[in-house]
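If you want the building blocks of each chain, they are given just below.
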Amino acid sequence: MKSNNQTTITVIAIAIIGALIFSMFSSTPPAISFALGAMLTGLALHFMQESKHTILDDIDPSQSSTTLYVGNLPYRANESDVKNLFAEHGDVFAVRLMKDKRTGKRRGFGFVVMNSQDAEHAIDQLNNQEYGQRTLKVREANEPKNADSLDLE
DNA sequence: GTTGAGCGTT
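Described below are features of the structure shown in this document. As the structure is a computational prediction, the values presented were derived from the model and not from experiment.

Digging into the protein's contact with DNA strand B
Okay, so step 1: Neighbouring DNA strand B are 21 residues, the closest being Leu73, Lys101, Arg107, Glu143 and Lys145.
Okay, so step 2: The sugar-phosphate portion of DNA strand B accounts for 16% of its atoms within 4 Å of the protein, the bases making up the rest.
Okay, so step 3: Arg96 has a polar side-chain atom sitting 3.4 Å from a base oxygen of DNA strand B.
Okay, so step 4: Among the elements of the structure, β1 (65–71), β2 (92–99), β3 (106–115) and β6 (137–140) are those that each provide at least two residues to the surface near DNA strand B.
Okay, so step 5: Broken down by element, the surface near DNA strand B gets its largest block of residues, 4 residues, from β3.
Okay, so step 6: When its residues are assigned to classes, the surface near DNA strand B shows 8 nonpolar, 4 polar and 9 charged.

Overview of the pairing of β1
Okay, so step 1: In terms of residue burial, β1 counts as a mostly covered element, since 5 of its 7 residues are buried.
Okay, so step 2: Strand direction decides the pairing type here: β1 and β3, joined by 6 bridges, are antiparallel. The partner of Val70 across the bridge, within β3, is Gly110.
Okay, so step 3: Inspection of the sheet shows β1 paired to β6 by 4 bridges, in the antiparallel sense. By the bridge assignment for β6, Gly71 is matched with Lys137.

With respect to the packing of aromatic side chains
Okay, so step 1: Under the definition given, this model contains 3 aromatic pairs.
Okay, so step 2: Between Tyr69 and Phe111 the ring centres are 6.0 Å apart and the planes differ by 65°, which places this aromatic pair in the edge-to-face class. Pair noted here: Tyr69 is in strand β1 and Phe111 is in strand β3, with a separation of 42 residues, a long-range link.
Okay, so step 3: Note on Tyr69: relative accessible area 27%, which makes it partly exposed.
Okay, so step 4: Residue class for Phe111 comes out partly exposed when judged on its relative accessible area of 24%.
Okay, so step 5: Ring geometry for Phe109 versus Phe111: centroids 6.1 Å apart, planes at 80°, classification edge-to-face.
Okay, so step 6: Accessibility expressed as a relative area gives 19% for Phe109, which makes it buried.

Describing the sheet that holds β3
Okay, so step 1: Read from one edge to the other, the open sheet built from 4 strands follows the order β2-β3-β1-β6, with strand pairing classed as antiparallel. Sheet topology places β2 and β6 at the edges, where each strand pairs with a single neighbour. Geometrically, the sheet is characterised by an average inter-axis angle of 25° between neighbouring strands, direction not taken into account.
Okay, so step 2: Sheet topology note: the β2/β3 ladder contains 6 bridges and is antiparallel. Residue pairing in the sheet places Val95 in a bridge with Val112 of β3.
Okay, so step 3: Helix α3 (residues 79–87) rests against β1, β2, β3 and β6 of the sheet, and its axis sits at about 140° to β2.
Okay, so step 4: Contacts from helix α4 (residues 116–126) reach β1, β3 and β6 within the one sheet, and its direction differs from that of β3 by about 140°.

Rules and cut-offs
- Residues numbered from 1 in each chain as written.
- Chains lettered and ligands numbered in written order.
- Predicted model: local features only at pLDDT ≥ 70, side-chain atom pairs only at ≥ 80, totals over all residues.
- Heavy atoms only, no water.
- Near = heavy atom within 4 Å.
- Polar contact = N/O pair within 3.5 Å; in protein donor to acceptor, adjacent residues only side chain to side chain.
- Helix = DSSP H or I, 4+ residues; strand = E, 2+ residues; numbered from the N terminus.
- Nonpolar A, V, L, I, M, F, W, Y, C, P; charged D, E, K, R; others polar.
- Buried < 20%, exposed > 50% of the residue type's maximum accessible area, 1.4 Å probe, protein only.
- Pairing = 2+ DSSP bridges.
- Phe/Tyr/Trp six-rings, centres within 6.5 Å; stacked < 30°, edge-to-face > 60°.
- Axes fitted to C-alpha atoms, helices over the stretch in contact; angles between N-to-C directions.
- Contact = heavy atoms within 4.5 Å.

Have a look at this one:
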């Protein structure tokens with residue numbers, strides 16, 4: 001819908017060419033073949049541009065997420081506490097505190113997924129900070145499932 | 001109910 005004049009002219013030109021080609025291999029009357037060819041070619045080009053716009057629109061820098069490693073957590077801290085703590089420094093998308101698979105007891109560390117821009121600030125603000133009589137360790141997580149810190153290369 | 005360096009899970 002947002003195509004400018006140049007792309008519109010290009011689409012029409014290609015549509016006409018496609019219509020001519022379509023007419024050559026069709027046994028129906030030339031006028032109908034031409035119209036059908038133009039419609040099909042125009043539709044194809046239209047959807048190609050639509051998908052292009054969709055892909056580009058999906059790239060939203062304000063929503064890129066970064067996974068943070070949080071260590072030296074007090075055992076009594078739950079996911080809610082950690083989420084509230086990090087939420088003071090940015091948008092927190094998810095919190096996972098690792099626990100023992102058998103006993104279910106917390107292991108004192110976990111992961112926080114939050115806004116990439118806020119993540120750097122959260123590291124500076126929360127790393128080596130006192131929390132529950134413990135000194136927090138906050139860093140960027142290792143095995144990143146989300147390859148979003150690629151802007152640091 | 002305990003412990004204390006670490007990088008996980010559908």
